[in-house]
Amino acid sequence: MTGALAHFAIERDGENYRLQLVLEDGAVLNIIATFEQLDLLGEEIDRRLDADQDLPTPEF
(Lines give C-alpha, C1' and ligand atoms only; values in the text may rest on other atoms or scores of the structure.)
Protein backbone atom coordinates (compact mmCIF):
# COMPACT_ATOMS: atom_id res chain seq x y z
CA MET A 1 0.00 0.00 0.00
CA THR A 2 1.32 3.43 -0.93
CA GLY A 3 0.65 6.43 1.27
CA ALA A 4 0.30 9.97 -0.03
CA LEU A 5 2.83 12.52 1.18
CA ALA A 6 1.27 15.27 3.29
CA HIS A 7 4.39 17.09 4.49
CA PHE A 8 8.15 16.77 4.68
CA ALA A 9 10.94 18.53 6.53
CA ILE A 10 14.73 18.44 6.44
CA GLU A 11 16.71 19.47 9.51
CA ARG A 12 20.36 19.33 10.43
CA ASP A 13 21.15 16.59 12.95
CA GLY A 14 24.78 16.90 14.00
CA GLU A 15 26.91 16.04 10.97
CA ASN A 16 23.91 14.55 9.15
CA TYR A 17 20.38 15.57 8.25
CA ARG A 18 17.00 14.26 9.37
CA LEU A 19 14.45 13.88 6.61
CA GLN A 20 10.94 13.56 8.03
CA LEU A 21 8.13 12.37 5.78
CA VAL A 22 4.56 12.68 7.06
CA LEU A 23 1.83 10.80 5.22
CA GLU A 24 -1.80 11.84 4.95
CA ASP A 25 -2.80 9.06 7.35
CA GLY A 26 -0.49 10.57 10.01
CA ALA A 27 2.30 8.00 9.68
CA VAL A 28 5.75 9.55 10.16
CA LEU A 29 9.01 8.27 8.72
CA ASN A 30 12.30 9.74 9.98
CA ILE A 31 15.41 9.08 7.93
CA ILE A 32 18.99 10.08 8.77
CA ALA A 33 20.99 10.95 5.65
CA THR A 34 24.38 12.44 4.89
CA PHE A 35 24.86 15.62 2.88
CA GLU A 36 26.05 13.49 -0.03
CA GLN A 37 22.95 11.29 0.09
CA LEU A 38 20.59 14.28 0.12
CA ASP A 39 22.58 15.85 -2.72
CA LEU A 40 22.19 12.67 -4.80
CA LEU A 41 18.49 12.54 -3.96
CA GLY A 42 18.06 16.15 -5.08
CA GLU A 43 19.91 15.47 -8.33
CA GLU A 44 17.76 12.42 -9.05
CA ILE A 45 14.56 14.34 -8.35
CA ASP A 46 15.70 17.08 -10.75
CA ARG A 47 16.57 14.50 -13.44
CA ARG A 48 13.21 12.79 -13.09
CA LEU A 49 11.20 16.00 -13.15
CA ASP A 50 13.14 17.25 -16.18
CA ALA A 51 12.51 13.94 -18.00
CA ASP A 52 8.80 13.97 -17.12
CA GLN A 53 8.30 17.62 -18.06
CA ASP A 54 7.91 16.83 -21.76
CA LEU A 55 5.72 13.74 -21.28
CA PRO A 56 1.93 13.90 -21.57
CA THR A 57 0.04 13.88 -18.27
CA PRO A 58 -0.96 10.30 -17.34
CA GLU A 59 -4.63 9.50 -16.91
CA PHE A 60 -5.50 7.57 -13.75
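Everything numeric here is computed off the predicted structure, so don't read it as measured data. (Residues numbered from 1 in each chain as written. Predicted model: local features only at pLDDT ≥ 70, side-chain atom pairs only at ≥ 80, totals over all residues. Heavy atoms only, no water.)

1. Details of the sheet that holds strand E2 (residues 16-23)
Thought 1: Across the sheet, three strands lie side by side as E1-E2-E3; this open sheet has antiparallel pairing. Of all strands in the sheet, those with a lone pairing partner are strand E1 (5-13) and strand E3 (28-33), marking the two edges. Geometrically, the sheet is characterised by an average inter-axis angle of 15° between neighbouring strands, direction not taken into account.
Thought 2: In this sheet, E3 lies alongside E2 in antiparallel orientation, the contact comprising six bridges. Residue pairing for E3: Tyr-17 is matched across the bridge by Ala-33.
Thought 3: Docked against the sheet, helix H1 (residues 35-53) engages E1, E2 and E3, running at close to 115° with respect to E3. (Pairing = 2+ DSSP bridges. Helix = DSSP H or I, 4+ residues; strand = E, 2+ residues; numbered from the N terminus. Axes fitted to C-alpha atoms, helices over the stretch in contact; angles between N-to-C directions. Contact = heavy atoms within 4.5 Å.)

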